[in-house]
Amino acid sequence: QEPKTGGVINAVIQPEPPGLMLAMVQNGPVQMVSGNIFEGLLRYSPKLEPQPELAESWSVSEDAKTYTFKLRKGVTWHDGKPFTAADVLFSVEMLKQTHARARNNLAQVDKVEAPDDYTVVFTLKQPFGPFLGIFEVGSMPMVPKHLYEGTDWKTNPYNNAPVGTGPFMFREWQKGSFIRLVKNPNYHEKGKPYLDEIYWQIIPDAAARSVAYETGKVDVLPGGSVENFDVPRLSKLKDTCVTGAGWEFFSPLAWLWLNNRQGPLADKRVRQAIMYAIDRDFAKDVIWNGLGKVATGPSASTIKYYTDDVKKYPYDPAKAKALLKEAGYKGEKIRLLPLAYGETWQRWGEAVKQNLQDVGMNIETIATDVAGGNQKIGDWDYDIAFTYLYQYGDPALGVGRNYISSAIAKGQMFNNVEGYSNPEIDKLFADGAVATPDSKRKEIYEKAQKILVEDVPVAWMLELQFPTIMRCKVKNLITTGIGVNDGFKDAWLDK
Amino acid sequence: MTAPPAVSIKNLRIALPKGAERPFAVDGVSLDLRPGRIVCVVGESGSGKSMCAHALMGLLPDTVSVASGEIQFEGRDLLKLDDDGWRDLRGRRLAMIFQEPMTALNPLMRIGDQMAEMFEAHGLLTPKERRAKALSLAREVGLPDPERIVRAYPHQLSGGQRQRAMIAMALALEPAVLVADEPTTALDVTTQAQILKLIRNLQRNRNMAVMFITHDFGVVADIADQVVVLRHGKVVEEGPAATVFNAPQHDYTKALLAAVPSMDPPAREPLDDQARAVEVIGLDKTYVTSGGWFREDRRVDAARAVNFNILRGETLGLVGESGSGKSSVARLVMRLIEADRGTVRIGETDLTQLSGKALRAERHRIQMIFQDPFASLNPRRKISHIIADGPIAAGLDPKAAFDRARDLLKMVGLDAGALERYPHEFSGGQRQRIGIARALALEPEIIVADEAVSALDVSVQAQVLRLLEDLKTRLGLSMLFITHDLRVAAQICDRIAVMQRGAIVELKPTAQLFAAPEHAYTRELLAAVPGRKERAPAA
Amino acid sequence: MLSFIAQRVLKGVIVLLAIVVLNFFLIRLAPGDPAVVMAGEAGASDQIFVNQLREKFGLDKPLPEQLFIYVKGVVTLDLGFSFRQQAPVAKLIGERLPATLLLTLTAFAISLALGILFGTFAARFAGTFLDTAITVFALIFYAMPIFWVALMGILLFSVTMDWLPSFGYETVGANLTGFSHAVDVAKHLIMPAMTLGLFFMATYTRMTRASMLEVKRLDFVKTARAKGLSDAVIQRRHVLRNALLPVVTLAGVHSGTLIGGAVITETVFAWPGIGRLMYDALLQRDYNLLLGVFVICSAMVLIFNLITDLVYRLVDPRIEFAS
Amino acid sequence: MKQFWKSMLRSPSGVIGLIILVLAISVALFGPMLFPNSPWRMVQRPFLPPFTLSAVPLGTDALGRDVFAGMIFGARVSLLVGLVSTLVALIVGVPIGAMAGYFGGRVDDALMRFTEFFQTIPSFALAIVLVAILQPSIYSIVTSIALVSWPPVARLVRGEVLSLRTREYVQAAVVTGQSNTWIIMREILPNALSPVIVLASLMVATAILLESSLSFLGLGDPNLISWGYMVGAGRTVIRQAWWITVFPGVAILISVLGLNLIGEGLNDALNPRLSREGR
Ligand SMILES: Nc1ncnc2c1ncn2[C@@H]1O[C@H](COP(=O)(O)OP(=O)(O)OP(=O)(O)O)[C@@H](O)[C@H]1O
Ligand SMILES: Nc1ncnc2c1ncn2[C@@H]1O[C@H](COP(=O)(O)OP(=O)(O)OP(=O)(O)O)[C@@H](O)[C@H]1O
Ligand SMILES: [Mg+2]
Ligand SMILES: [Mg+2]
Ligand code: NI
């Protein structure tokens, strides 16, 4: 079918983003909106193969230490200035200071150079397997040098009216109501984008969001914007299409942090008992409406080097009880910290609590909001805590950080907060990141997965899927593994 | 008789709701109102006076209903009127003045507008004419500075002025019949005298028929052409004023008349040789009502250099108009409020120097009897506690205190069964006796009685006065007796102090004061006492 | 009159400062801070990042100094900067205030108007079936949680009947102007304002009823009847006017509850007001913004109070202003 | 006392309210003994409609938990929150109001400024912040609700005391040498109590609503089931499972209504003037 041009899409954004300058703030909604305004050098297919975006082509040197990118010519910023290699160099420098994940990703980079206006060369200190996976817009957005260089980035006026190279331009933001983006007529891919405008509607209540969809006020509900319980009902509505695609790059994996440091949970058997005690199929079928997959270990199945050849923990309360008894658990109080991200997570917290109580654990739920929860987790002030994390396509980017002992640092919440420390694992992940070729990496990571699953440093729950719900007339919305966050440049409306 | 009656009430019966003290508030009352004549309806509280008046205006409360009878007016039976019929007559042909000038006017409307409403209600005149008319009415009832007053709000007027405004309203449409329900009870004697004169004059000029309700025989003597005496809703005596006063037929009438205190003070023993029980030296008190940060304070001098003393066994009267500072002096003496300056000495103790525990310990020596028999007893405490609380607080063993309470009740003429009851189960007179018993329970040397009998019916008043007199002599008490009623003062006081605007203007033995008042204000007060001209019936 | 207002404003400012100080400490008692929240949302949190944020937010300074800086700002009418939203607090609140004012004032008007109407009827027919019916009707809205009524309203009027929009302040993207824009806003306003207003209606119904019955017993009503005035005039001119005074003053005192109630209404109807802003600011520990909202809300309550007081004083001649 | 009950029973709203309250309280007290099923236990398949299985008469919720059990256990928490927070509000408000009214002057000024201060902060907003700060638990919820609801009590009590203080029987107590505490406790407060009782009955209702609103915003105690929690939790699935929200919602409605009717009845019973005199 030929794409048609024109039309307006109303999509839901939740919660309201704190800003749109992707280089400065990176939470979910910011990425979702700004992904239309900014671009990265690459994007990734659902299979996570790199694809051109601002970089036309790229090559890797023999020793896997030099990456050369050829930039697309004729790309302009929304204000008309040309996009060049200088912008890339500037962006790298800026992101190292403002973008925590980019800073980590770029840690292996020795130097970046621009031999000419349309060539950028990254030289690494040592080979880094996942290096080609860090150029997506959310991980490394390109920032206009001419607007930011030499200014105070924090107070730069363009933070509130961002200028990018993307298919849509920022037009208007009525705080609390909507954000309006309009078509970039000078977009570098001819003919794109197809849409004239995008309205991101800000609707704080989940129930109100599904009503807004039902009553035709919005056309797109990006993943996670309605409660899971509503998904089946909405999916059945007329002219409604649902897709679970678009999360391959992030591969959100939900697990329970288990505080390995103290109390009963310091005992591996208790942690294993927890794995046996929790009915994860129930959680998937009832709480997540059958979406997603029961996790087998630290890697999501969409991530490179995943293996399911690990110890299995089926739902087995009897075994859990036996393990607890063996470990000498005597009903010590265990604090459970659910995730304050809405009803689904609350229900899940309740179900897990019930599961654990059923095998004789004494669970007390600690209520707190997101800020309080993060603080508690960061301060290791918990026994069991829900979380879900993105995996960014490669175990070196999104997996290792949670298990290596060098990532134990109080006050932070996405590293090894469970306090698991195993020299063998440390070594495996250290080797895995720099090993070549691929088969070597595969071997290392499969081994790591086996060890971790046996040790249960955290209790893996589900590979999550956040279905995107939209009117069927919206075509080609999700074309990459980054999903809605990658912008609507391919989307068109079948009027 | 002379002219035919304007209103003729025949055999009126008004039924009270179930559970009331008696089945009929008004039980078979018949009376005629004639043009140009004033009929006074007298009787004790609750005798049904107001009910008659309200029935005549069609303003009976929802809960009561007319059981039988008729009210003939201009050839119609008023009781058969519908709402519209009543509305047409009210104000236009029948007008009424109420007892409380303070609350009978809408606080949010200007006086003139409220007067003009009279015409508006009956669709008369243009708004402009109504205003003009209101002004001339205000002038007619003798309101000072009428232009200003019609634009004033009720709270800006004194009680007497408000009552004049009410009268102006009532007279606006020249009604045939005026009903006045105790229109002067809430006023000072001097103001009362003026208002009575005003009503009398206007009624003469306009040849109105007036139904005047009062419980004060002095007022009756001043104003009535015809008298109707009510008791328990029944007419017990009726006739021309002179006849009723000079030759009362019914025992009840006789008793009522007998209970009216005389203006002639009885002879009293001089007490000069007694020791001083209370000495008050140079009391000053100014109330300052804070006006907030930016408003000027309001100051009222309630006591100015007040000096007096009371001898043991003596009763000192304190008289004066409302607001003259009588109660303030009483409260200063009791140390219920702090004096700005001055000394109150009880025996040798200077009360103004004490505070806290020490003060509490001395309090029992001077006790108080309050005005309102309903407000002065805690409705939620049994009589036994009300009386015994004081002695118990003073350290008496509870059992002894309760015994004393029993004795005291006997002394004030109540039986011991009263101990276990609550205040609401007693009549006004009985409550006042309980109040007296409470004051006596602490075996005080001095009693301060602030308007202790003002709220009581004459007959009850006489009993309570007798009781006080009796207790005083039996227990050798001194008493500060505050009243606005000169007749009462004449009967009970050894000496009388006259107060005006916070200062004592004259202080003399009672007989002397009545015989030869010196201060102009005293003379004015004495002249205004209602019923002076009539020969007071023999006591 | 002027000095009265000046006095009240001065007092108000003192109350506001007290609120600032109290809330300043209160908010900081909560676990977590904006840096933690933002680090969490960014999906990355290394110490450099969090420290950067803390420094940026001025959270690295000692608490008393932070307070001093803040209070100094408030005194000079500067509510500070929201680092999370990268904008001055005053601007953020300014963007939302009109919506909240529109919502609360409409709700206030609805609750007062309906409350007085129903209360008058109930008092007029006190003790009859009508009285009970009105009371129960008003109470039903009072007895249902606001969010529940809101939900039902959305289901009924938006989903089932499709009469009214279920969220927002105006039709986004319609670019309406003038009258049609006003109609559009009104359509969006009906449900939230009703939900909020009907909840408070019961209070005013009850108060009006009681007050009317109280006033009815007063002597001057008898005087009015003795004048031969018609019932309607008596009710309107003598009873209602006197009865409304306490209702209106109390309504002023209640305005705090009303504004508080707006948090829920704004959440359910996605109404872009400061109630939502407050709740989000709280969850995100956006200290300056949260404090700013508190200051503004409290100021609104004080202004509501002042206005009702002024009305009271203008209507009631018994209370005099110093000149 | 007898008279009080008589007039209370004479007002139909009072009777209905009393019946409702007694029912609710007995459910809260005895229900959990009769139906000892934990309301958190997942007993059946999720979203089971009501009246289909006698074991779960009111159906099940999103996790397959018994709605009926939730209703019964929820009564306990909702009523407890309502009663306890009202009690705490009274404990705070009555003494403050009494002291302000009795001592007047500076004490009054200071206490009333303090009260005003609390009334100026939008109450629900303050409650939200307090619960969020103290972290949601039954204690923090009760505390916050009490903290935002005592000012009206203080104001009311102050007003009453202010007028009672000048009553003659109070002065009589002063002149007979009673201490201030005694006078406040014995002479003044008992007579100031009737409007406070009326107000308190309404406050219980308001507190139940407040708790449900807090639960709605996710600020309920996660370890205890309350009606407000159930409504809040069920609202997202109201389209497919109305019963999860409707039953507890109706329970809140009826209890709040009942408490208000009691307030009405109390008002009539304790203010005989209003009811008896007619117009
Ligand atoms: N609204 C009412 N409902 C029931 N009973 C009433 C009502 N008003 C008065 N009564 C009763 O009717 C009787 C007569 O009352 P009324 O007011 O006529 O007495 P009164 O002679 O005017 O007394 P007072 O001198 O105290 O004014 C009394 O027993 C009183 O208790
Ligand atoms: N607490 C108070 N604050 C301010 N002014 C007061 C106060 N109490 C009394 N006043 C004023 O002081 C003056 C004297 O009042 P007081 O009560 O002593 O008079 P009174 O002679 O007892 O009058 P009445 O005969 O009416 O009882 C009056 O003008 C009154 O308005
Ligand atoms: Mg009378
Ligand atoms: Mg006096
Ligand atoms: Ni009793």
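Residues numbered from 1 in each chain as written. Chains lettered and ligands numbered in written order. Predicted model: local features only at pLDDT ≥ 70, side-chain atom pairs only at ≥ 80, totals over all residues. Heavy atoms only, no water.

- Per an unreviewed UniProt entry, chain D carries the name Peptide/nickel transport system permease protein and comes from Bradyrhizobium shewense.
- For the record of chain D, the UniProt heading Subcellular location (unreviewed entry) holds the text "Cell membrane". (UniProt positions renumbered as here; feature names shortened; annotations may be inferred.)

- Naming follows an unreviewed UniProt entry, where chain B appears as Peptide/nickel transport system ATP-binding protein of Bradyrhizobium shewense.
- According to the UniProt record, the Function (unreviewed entry) comment for chain B reads "Involved in beta-(1-->2)glucan export. Transmembrane domains (TMD) form a pore in the inner membrane and the ATP-binding domain (NBD) is responsible for energy generation."

1. Concerning the sheet that holds strand 15 (residues 349–350) of chain B
Residue and element names in this part refer to chain B.
Right, so step 1: Judged by pairing direction, the sheet is antiparallel, and its four strands sit side by side in the order 12-11-14-15 without closing on themselves. Sheet topology places strand 12 (298–311) and strand 15 at the edges, where each strand pairs with a single neighbour.
Right, so step 2: As paired elements, strand 11 (residues 276–289) and strand 14 (residues 341–346) share five bridges and run antiparallel to each other. Residue pairing for strand 14: Glu279 is matched across the bridge by Arg345.
Right, so step 3: This element, helix 11 (residues 326–334), spans strand 11, strand 12 and strand 14 of the sheet and lies at about 65° to strand 12. (Pairing = 2+ DSSP bridges. Helix = DSSP H or I, 4+ residues; strand = E, 2+ residues; numbered from the N terminus. Contact = heavy atoms within 4.5 Å. Axes fitted to C-alpha atoms, helices over the stretch in contact; angles between N-to-C directions.)

2. Digging into the interface of chain D and chain C
Right, so step 1: In this complex, chain D contributes 42 residues to the contact, which on the side of chain C involves 48 residues.
Right, so step 2: If you look at where chain D meets chain C, you find zero salt bridges.
Right, so step 3: On the surface where chain D and chain C come into contact, there are three residue pairs in polar contact (both at pLDDT 80 or more).
Right, so step 4: Listing elements by their share of the side of chain D that touches chain C, those giving two or more residues are helix 4 (105–120), helix 5 (123–134), helix 8 (180–216), helix 10 (242–270) and helix 11 (272–277) of chain D.
Right, so step 5: Ranked by the residues each element gives to the side of chain D that touches chain C, the list is headed by helix 10 of chain D, at 10 residues.
Right, so step 6: Considering only residue class, the side of chain D that touches chain C consists of 24 nonpolar, 11 polar and seven charged. (Salt bridge = Lys/Arg side-chain N within 4 Å of Asp/Glu carboxyl O. Polar contact = N/O pair within 3.5 Å; in protein donor to acceptor, adjacent residues only side chain to side chain. Nonpolar A, V, L, I, M, F, W, Y, C, P; charged D, E, K, R; others polar.)

3. Structural notes on the pattern of salt bridges
Right, so step 1: Under the counting rule described, the total for this entry stands at 79 salt bridges over all chains.
Right, so step 2: One salt bridge in this structure joins Arg404 of chain B and Glu443 of chain B, with 3.9 Å as the shortest N-O distance. Within this pair, whereas Arg404 of chain B is found in helix 14 (residues 398–411), its partner Glu443 of chain B is found in the loop between helix 15 (428–441) and strand 17 (446–450), the two being separated by 39 residues in sequence.
Right, so step 3: On the accessibility criterion, Arg404 of chain B (23% relative accessible area) is partly exposed.
Right, so step 4: By sharing partners, the salt bridges in this structure join Glu39, Arg43, Glu53, Glu189, Lys192, Asp486, Lys489 and Asp490 of chain A into a single network. (Buried < 20%, exposed > 50% of the residue type's maximum accessible area, 1.4 Å probe, protein only.)

4. Observations concerning the UniProt feature "transmembrane region" (unreviewed entry) in chain D
Right, so step 1: Under the UniProt annotation, "transmembrane region" (unreviewed entry) lies at residues 12–35, 80–104, 124–148, 196–220 and 240–263 of chain D.
Right, so step 2: End C-alpha atoms of residues 124–148 of chain D are separated by 8 Å, and the span's content is 88% helix alongside 0% strand.

5. Brief notes about the site of ligand 1
All names here are of chain B.
Right, so step 1: Lining the immediate environment of ligand 1, one finds 16 residues, of which Ser45, Gly46, Lys49, Ser50 and Met51 sit closest.
Right, so step 2: Here an oxygen atom of ligand 1 and a backbone polar atom of Gly46 are 2.8 Å apart.
Right, so step 3: Interatomic distance of 2.9 Å between a side-chain N/O atom of Lys49 and an oxygen atom of ligand 1.
Right, so step 4: Within the complex, 72% of the 640 Å² of free accessible area of ligand 1 lies under protein.
Right, so step 5: Top contributing element to the shell around ligand 1 by residue count: helix 1 (residues 49–57), with three residues. (Near = heavy atom within 4 Å. Areas by Shrake-Rupley, 256 points an atom, 1.4 Å probe, with all protein chains shown as cover.)

6. Brief notes about the interface of chain C and chain B
Right, so step 1: Between chain C and chain B, the residue contacts involve 28 residues of the former and 33 residues of the latter.
Right, so step 2: Of the roughly 2700 Å² buried where chain C meets chain B, counting both sides, 60% is carbon and sulfur surface.
Right, so step 3: Looking only at chain C, the three residues that lose the most surface to chain B are Ala226, Lys227 and Pro317 of chain C, adding up to 22% of its buried area.
Right, so step 4: The tally of links from chain C across to chain B stands at three salt bridges.
Right, so step 5: Glu117 of chain B is the partner of Arg237 of chain C in a salt bridge, and the nearest nitrogen-oxygen pair spans 2.6 Å.
Right, so step 6: Viewed at the interface, chain B and chain C are joined by 15 residue pairs in polar contact (both at pLDDT 80 or more). (Buried area = accessible area lost by both parts, 1.4 Å probe.)

7. Digging into the packing of aromatic side chains
Right, so step 1: The full count for this structure, using the stated rule, is 56 aromatic pairs over all chains.
Right, so step 2: Seen in terms of ring centroids, Phe121 of chain C and Phe125 of chain C are 6.3 Å apart; in terms of plane orientation they differ by 15°. Their pairing is stacked.
Right, so step 3: One residue, Arg13 of chain B, lies across the ring of Phe24 of chain B, its end atom 4.4 Å from the ring centre. (Phe/Tyr/Trp six-rings, centres within 6.5 Å; stacked < 30°, edge-to-face > 60°. Lys NZ or Arg CZ within 6 Å of the ring centre and 35° of its normal.)

8. A look at the UniProt feature "domain: ABC transporter" (unreviewed entry) in chain B
Right, so step 1: Look at the UniProt record and you will see "domain: ABC transporter" (unreviewed entry) annotated at residues 7–257 and 278–526 of chain B.
Right, so step 2: Secondary structure content for residues 7–257 of chain B is 38% helix and 25% strand, and the end C-alpha separation is 28 Å.

9. Brief notes about the sheet that holds strand 15 (residues 333–337) of chain A
Residue and element names in this part refer to chain A.
Right, so step 1: Taken together, six strands build an open sheet; the order of strands is 14-18-13-17-15-16 and the sheet is mixed. Across the chains shown, the open sheet's two edge strands, defined by having one partner strand only, are strand 14 (293–294) and strand 16 (362–365).
Right, so step 2: Where strand 15 meets strand 16, four bridges bridge the pair, whose relative direction is parallel. If you follow Arg335 over to strand 16, its bridge partner there is Glu364.
Right, so step 3: On the sheet, helix 10 (residues 343–358) packs against strand 13 (253–258), strand 15, strand 16, strand 17 (384–389) and strand 18 (458–463) and is oriented at approximately 135° with respect to strand 17.

10. With respect to helix 12 (residues 287–315) of chain C
Right, so step 1: Across its 29 residues, helix 12 of chain C extends 42 Å between first and last C-alpha, which sits within 8% of the 42 Å expected from 1.5 Å per residue.
Right, so step 2: Counting buried positions along helix 12 of chain C yields 23 of 29 residues, so the element is predominantly enclosed. (Expected span 1.5 Å × (residues − 1).)

11. Brief notes about the nonpolar core
Right, so step 1: Core analysis: the largest hydrophobic core is formed by 344 residues, its most contacted members being Phe122, Trp200 and Trp348 of chain A.
Right, so step 2: Counting contributing residues per domain, this core is built from domain 1 (1–76) and domain 2 (94–285) of chain C, each supplying no fewer than three.
Right, so step 3: The residues touching Trp348 of chain A, leaving out its near neighbours within four places in the chain, are Ala254, Ala283, Ile287, Trp288, Phe386, Met461, Leu462 and Leu464 of chain A. (Core = buried A, V, L, I, M, F, W, Y, C linked by side-chain atoms within 4.5 Å. Domains from an automatic or database assignment.)

12. Details of unusual backbone geometry
Most peptide bonds take the trans configuration, and most residues that are not glycine carry a negative phi.
Right, so step 1: The omega torsion of the bond from Gln14 of chain A to Pro15 of chain A falls at -10°, within 30 degrees of zero and hence cis.
Right, so step 2: For Pro15 of chain A, the location among the structural elements is in the loop between strand 1 (8–13) and helix 1 (28–34).
Right, so step 3: Note that the residue after Lys192 of chain A, namely Pro193 of chain A, is joined by a cis bond; omega there is -10°.
Right, so step 4: As for its position among the elements, Pro193 of chain A is in the loop between strand 9 (178–183) and strand 10 (197–202).
Right, so step 5: Of note in the backbone geometry, Glu174 of chain B takes a positive phi value of approximately 50° without being a glycine.
Right, so step 6: Following the sequence through the fold, Glu174 of chain B ends up in the loop between helix 6 (159–171) and strand 7 (177–181).
Right, so step 7: Here Glu174 of chain B falls in the exposed class, since its relative accessible area comes to 51%.
Right, so step 8: In this structure, Arg285 of chain C takes a positive phi of about 55° despite not being glycine.
Right, so step 9: Mapped onto the fold, Arg285 of chain C is located in the loop between helix 11 (274–283) and helix 12.
Right, so step 10: On the basis of relative accessible area, Arg285 of chain C is assigned to the buried category, the value being 2%.

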